[in-house]
Amino acid sequence: MNLSQRLRAKTMERYQLPPEECGDAQLFHALMAVTQDLSTARPAPDGARKLYYFSAEFLMGKLLSNNLLALGLFEEARDLLAGMGRSLAGLEEQEREPSLGNGGLGRLAACFLDSIAALGLNGDGVGLNYHYGLFRQKLADLKQQEEPDPWMEAESWLIPTGKTFSVPFGGFSLPAVLYDIAIPGAHTGTAGRLHLFDVPEPAPAPAHGIDFEKGDIPHSLTSFLYPDDSDRAGQLLRVYQQYFLVSAGAQLILSELEERGYSPETLSEHVVVQINDTHPSMVIPELIRLLLERGLSMDAAVEQVSGACAYTNHTILAEALEKWPLEFIETAAPQLVPILQELDRRARARSADPRTAILDGEGRVHMAHLDIHFGRSVNGVAALHTEILKHTELKPFYELYPEKFNNKTNGVTFRRWLEVCNPALSEWITAHIGPEWKTAPGALEGLLAFQEDTAALEELLSIKAANKERLCRALRERQGVELDPASLFDIQIKRLHEYKRQQMNALYVIYKYLEIKGGRLPARPITVLFGAKAAPAYQMAKHIIHLILSLQALIDADPQVRPWLRVVMVENYNVSWAEQLIPACDLSEQISLASKEASGTGNMKLMANGAVTLGTLDGANVEIAQLVGPEAVYTFGASSQEVIRLYQEGSYRSLEQYHRPGVEYLVDFLVSPELLSVGDPAALATLWRDMKHKDYFMALLDTQDYIAAKERALSDFEDRTAWARKMLVNIAKSGYFSSDRTIAEYDRDIWHLS
Ligand code: 26Q
């Protein structure tokens, strides 16, 4: 049966209507069901070794287009719907986006599942089924408000499996109910699975905001994803969540091992567990506990588990490295305490250096240390990041276990981030170099042959223009803002964090605003777009959102500036917004303080869609800059070595930077009468004081350099052919950042599945 016949059979069966007579919602659900049937009918890849990718977050995004593409039905579906006067994009309006992740780490896990499936590797994801996901962001009164985001509907991609495992908490146990999401692999006949655990009786959504009964663990355990913030009240619940995930996941591993006919003594031969940051690190003591229960000695259990587990680090921010009070674990999972104490003893026997201990003098468990001592691989997520781990952050561990350390530069799936989100560019690429890039993104380099082809470059510019118009329509419909598609689209989309320095971009907006006020007009209008959520308890991040929204309001109301400069914060930035914003971007803002952004992955998606990067030499920007060369990227700012030195010496003085010429007046604008008349004086004053006196992430250090680099980019943009060439080089060189390449490296160096 072809897709058209399947769809007809489905709508007749469900609604007794032919597809043409169905509403969008009916048609969406029927197409989802067809897609789901075809995905679940596929077998798992085989192999004696199986990977379990453990992650607290999987930011999957909508799945209809993605899964159709993987099944090889994307074009057929598009044409079929077009014949009925509908579109895939229109139907996807009906799909709710599961927001089971904060940002980069969660989206990386989703890209990895897509690539694992596409490479036909025997591997599944293991995570939690948060009912309200990360909060939904509302922007009102120039502030962020948080609301629950109930994404689950009666019909969704979740498949009940009927499997349940019992998780033993201190004082009670709780069934972990397993749901699966099928992950069809592109260009293979197989499918992987995302396993999501849930409580049997989830609590209903809170009436207001995202506060809920944190004590009611049995019902609220999977209510929300904990944002990366400092909300201490929720920390114990987060430990419960983590133990629930790893205990159920470890039991799933051992039951599958048995089903496959292998004994627990052979765990490390048949299982590999990739630990996505430290959030699932308790899987190590939990697997040891379960192996002890199955009769292994402590030595054998430790050996098997250490041989199965591998750890990925995603951060060098000290405050984001998890250290849980042992007392939390004593409450949530007391049975792990003696195992952790034994592992600490063993670690101390290997190294007398107290910096490598698992339990510190303050009764805290260092989760990363657990992974490094009792796992067989430690990887960073970009070349620079891995070097910093080896020589600075994790130096004592690198000295102890140099052979465990390796780099796996992140990647993104080009299926979602180019083929699905930018069909016009995809077709243009195929028209010029053929379809090989779809299975081997390295083939994009073939585009370099068109650098002098002015007709091709013109087409590239038209595609970008059309994508900008598409974004303008979306913003008009969803947010009621009217933008000028002929302006330059300067885009910064990522979680709100001081180290990512959205505040520095805001200082640029102030600079440009004052220039325009002074009669110095830019060559062309500029639209600065932001998309960012702030963790609910992260006050400074919320003040930065407030600053951006205040600038947006100030400029919108100013007839002198508005034609030349616009600022827009998209509400509730998520995967679906990213799919609209990325193809429409001219200038990609990647301006973190050097050494602080482990990799970045938005930078890669934007590059692949023909945006030119304006960035510091941080994370994967370093590799982007090396690949495209100095003509096709704008880099600026202090180097990671300089920044690391400033931190080590404690010699950064924000006030000195503030008094540098060209900085003070920009910072002082935060408390100017103009801005105070729009925004909240208390919030703006707090932010102003913080920038002057703290500036922990050295925004003022790089501000002038940033402004200069951005001015250069804006002026270069006016040579449209030269700019199109930069776009072309970026697209051509982006193939390296395919997550298919990243996953092939994980397999080659760590997993050994194929
Ligand atoms: C920790 C403790 C308690 C509560 C929450 C957390 C927590 C939650 C999420 C800590 C960190 C995260 C998320 C981190 C993250 O997204 N890191 C990003 O990972 C990307 C993929 O490797 C990189 O590209 C980014 O550079 C990195 O910031």
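Residues numbered from 1 in each chain as written. Predicted model: local features only at pLDDT ≥ 70, side-chain atom pairs only at ≥ 80, totals over all residues. Heavy atoms only, no water.

Once that is clear, we can look at the overall build of the protein chain. From N to C terminus, the protein chain includes 32 helices and 19 strands. Taken over C-alpha atoms, the radius of gyration comes to 26 Å for the protein chain, in line with the 27 Å a tight globule of 754 residues would show. If you line up the protein chain on its principal axes, its C-alpha atoms span 80 × 70 × 55 Å. Here the protein chain holds 754 residues, and 63% of them are scored as buried. Considering only contacts within the protein chain whose residues lie at least 6 apart along the sequence, 75% involve residues at least 24 apart. As displayed, the protein chain offers around 26000 Å² of accessible surface, 52% of which is attributable to carbon and sulfur atoms. (Helix = DSSP H or I, 4+ residues; strand = E, 2+ residues; numbered from the N terminus. Rg over C-alpha atoms; globule rule 2.2 N^0.38 Å. Buried < 20%, exposed > 50% of the residue type's maximum accessible area, 1.4 Å probe, protein only. Contact = heavy atoms within 4.5 Å. Areas by Shrake-Rupley, 256 points an atom, 1.4 Å probe, with all protein chains shown as cover.)

The next point concerns the sheet that holds strand 16 (residues 565–570). Spatial ordering of the open sheet is given by 16-15-14-17-18-19, a layout of six strands whose pairing is parallel. Lying at the two open borders of the sheet, with one neighbouring strand each, are strand 16 and strand 19 (634–635). Inspection of the sheet shows strand 18 (residues 612–615) paired to strand 19 by two bridges, in the parallel sense. Looking at the pairing, Leu614 lines up with Tyr634 of strand 19. Contacts from helix 20 (residues 502–517) reach strand 14 (488–493), strand 15 (526–531), strand 16 and strand 17 (587–590) within the one sheet, and its direction differs from that of strand 15 by about 155°. The strands that helix 31 (residues 720–733) touches are strand 17, strand 18 and strand 19; relative to strand 18, the one it contacts most, it runs at about 90°. (Pairing = 2+ DSSP bridges. Axes fitted to C-alpha atoms, helices over the stretch in contact; angles between N-to-C directions.)

For the rest of this paragraph, the subject is the sheet that holds strand 8 (residues 271–276). The strand order across the open sheet formed by nine strands is 5-6-7-2-1-8-9-12-13, and the pairing between neighbours is mixed. On the outer flanks of this sheet lie strand 5 (159–169) and strand 13 (405–407), each paired with one strand and no other. With direction set aside, neighbouring strand axes in the sheet form an average angle of 25°. Where strand 1 (residues 50–54) and strand 2 (residues 123–128) come together, four bridges link them in parallel fashion. In the sheet register, Leu51 faces strand 2, and the bridge partner there is Gly123.

Turning next to helix 13 (residues 337–350). Between its first and last C-alpha atoms helix 13 spans 20 Å; for 14 residues at 1.5 Å apiece the expected length is 20 Å, and the two agree. Within the sequence span of helix 13, burial applies to Val337, Ile339, Leu340, Glu342, Leu343, Asp344 and Ala347. In this structure, the buried residues of helix 13 make contact with helix 10 (283–293), helix 11 (298–308), helix 12 (326–332), strand 11 (364–366) and helix 14 (367–373). (Expected span 1.5 Å × (residues − 1).)

Here the focus is the nonpolar core. Ranked by size, the top nonpolar core spans 127 residues in total, and within it Trp428, Ile429, Leu475 and Leu565 carry the most contacts. The biggest single contributor to this core is helix 21 (residues 539–556), with ten residues. When sequence neighbours within four positions are dropped, the list of residues in contact with Ile429 reads Leu418, Gly434, Trp437, Leu444, Leu447 and Ile731. One finds Leu7, Ala110, Trp151 and Leu291 within the second-largest nonpolar core, a separate group that totals 119 residues. (Core = buried A, V, L, I, M, F, W, Y, C linked by side-chain atoms within 4.5 Å.)

This brings us to unusual backbone geometry. Peptide bonds are, in most cases, trans, and in most cases residues other than glycine have a negative phi. Unusually for a residue other than glycine, Asn572 sits at a positive phi of about 55°. On the accessibility criterion, Asn572 (8% relative accessible area) is buried. The backbone of His752 shows a phi angle near 55°, a positive value even though the residue is not glycine. Along the chain, His752 turns up in the segment after helix 32 (739–751). His752 gets classed as partly exposed once you look at its relative accessible area, which sits at 43%.

Moving on, we come to the environment of Lys596. Structurally, Lys596 can be placed in the loop between strand 17 and helix 23 (602–608). Look at Lys596 and you get buried, because its relative accessible area is 14%. Sequence separation of Lys596 and Leu317 is 279 residues, and the distance between their C-alpha atoms is 6.7 Å. What Lys596 contacts, discounting residues up to four positions off in sequence, is Ile316, Leu317, Tyr499, Asp618, Tyr647 and Phe697.

At a minimum axis separation of 9 Å, helix 19 (residues 454–479) and helix 31 run at an interaxial angle of 80°. Between helix 19 and helix 31, the angle is such that the two are roughly perpendicular. Contact with helix 19, carried on its side by Thr454, Leu457, Leu460, Leu461 and Lys464, involves Arg720, Thr721, Ala724, Arg725, Met727, Leu728 and Ile731 of helix 31 and no other residues of that element. Taken together, the residues that form the contact of helix 19 with helix 31 break down as seven nonpolar, two polar and three charged. (Parallel < 35°, antiparallel > 145°, perpendicular 65-115°, else oblique. Nonpolar A, V, L, I, M, F, W, Y, C, P; charged D, E, K, R; others polar.)

We now examine the site of the ligand. In the vicinity of the ligand, 19 residues are found, and the nearest of them are Leu105, His314, Asn410, Glu597 and Gly600. One of the backbone N or O atoms of Leu105 is found 3.0 Å from an oxygen atom in the ligand. Within the contact set of the ligand, an oxygen atom lies 2.8 Å away from a side-chain nitrogen or oxygen of Asn410. Against a free-state accessible area of 620 Å², the protein chains account for coverage of 88% of the ligand. Tallying contributions element by element places helix 6 (residues 104–118) first for the shell around the ligand, with three residues. Of the residues in the shell around the ligand, the class split is six nonpolar, eight polar and five charged. (Near = heavy atom within 4 Å. Polar contact = N/O pair within 3.5 Å; in protein donor to acceptor, adjacent residues only side chain to side chain.)

Relative to strand 6 (residues 172–184), strand 5 runs antiparallel, the two sharing eight bridges. Within the sheet, the bridge partner assigned to Val167 lies in strand 6 and is Leu174. With eight bridges connecting them, strand 6 and strand 7 (residues 191–198) associate as antiparallel partners. When the sheet's bridge partners are listed, Ile183 is paired in strand 7 with Gly192. Turn length for the strand 6-strand 7 hairpin, with the two strands adjacent in sequence and antiparallel, is six residues, and the turn residue His187 shows positive phi of about 60°.

A few words on the pattern of salt bridges. Two side chains bearing opposite charge may form a pair once their charged atoms approach each other closely. Counting across every chain of the model gives 48 salt bridges. Across the salt bridge formed by Asp37 and Lys10, the nearest N and O atoms sit 2.7 Å from each other. Of the two residues, Asp37 is situated in helix 2 (residues 24–40) and Lys10 in helix 1 (residues 3–15); the sequence distance between them amounts to 27 residues. Of the charged contacts in the structure, one is a salt bridge between Arg289 and Glu293, with a shortest N-O distance of 3.0 Å. Within this pair, Arg289 and its partner Glu293 are both found in helix 10, separated by four residues, close to a single helical turn. (Salt bridge = Lys/Arg side-chain N within 4 Å of Asp/Glu carboxyl O.)

At their nearest, the axes of helix 6 and helix 32 sit 9 Å apart, and the two run at 75° to each other. With respect to each other, helix 6 and helix 32 are oriented roughly perpendicular. Contact residues: Cys111, Phe112, Ser115 and Ile116 in helix 6; Ser739, Asp740, Thr742, Ile743, Tyr746 and Trp751 in helix 32.

Examined against the element boundaries, Ala713 turns out to sit in helix 30 (residues 699–716). Sequence-wise, Ala713 and Gln26 are 687 residues apart; in three dimensions their C-alpha atoms are separated by 47 Å. With sequence-adjacent residues up to four places away left out, Ala713 is seen in contact with Leu587, Tyr634 and Trp723.

The next thing to look at is the packing of aromatic side chains. All told, the structure shown has 20 aromatic pairs when counted by the stated rule. Centroid distance Tyr398 to Phe405: 5.4 Å. Interplanar angle 80°. Geometry classified as edge-to-face. Given a relative accessible area of 22%, Tyr398 falls into the partly exposed group. The ring of Tyr401 carries Lys404 above its face, with NZ or CZ at 3.8 Å from the centroid. Over the face of the ring belonging to Phe717 we find Arg720, whose NZ or CZ atom lies 3.9 Å from the ring centre. (Phe/Tyr/Trp six-rings, centres within 6.5 Å; stacked < 30°, edge-to-face > 60°. Lys NZ or Arg CZ within 6 Å of the ring centre and 35° of its normal.)

Honestly, it's all geometry; don't read function into it.
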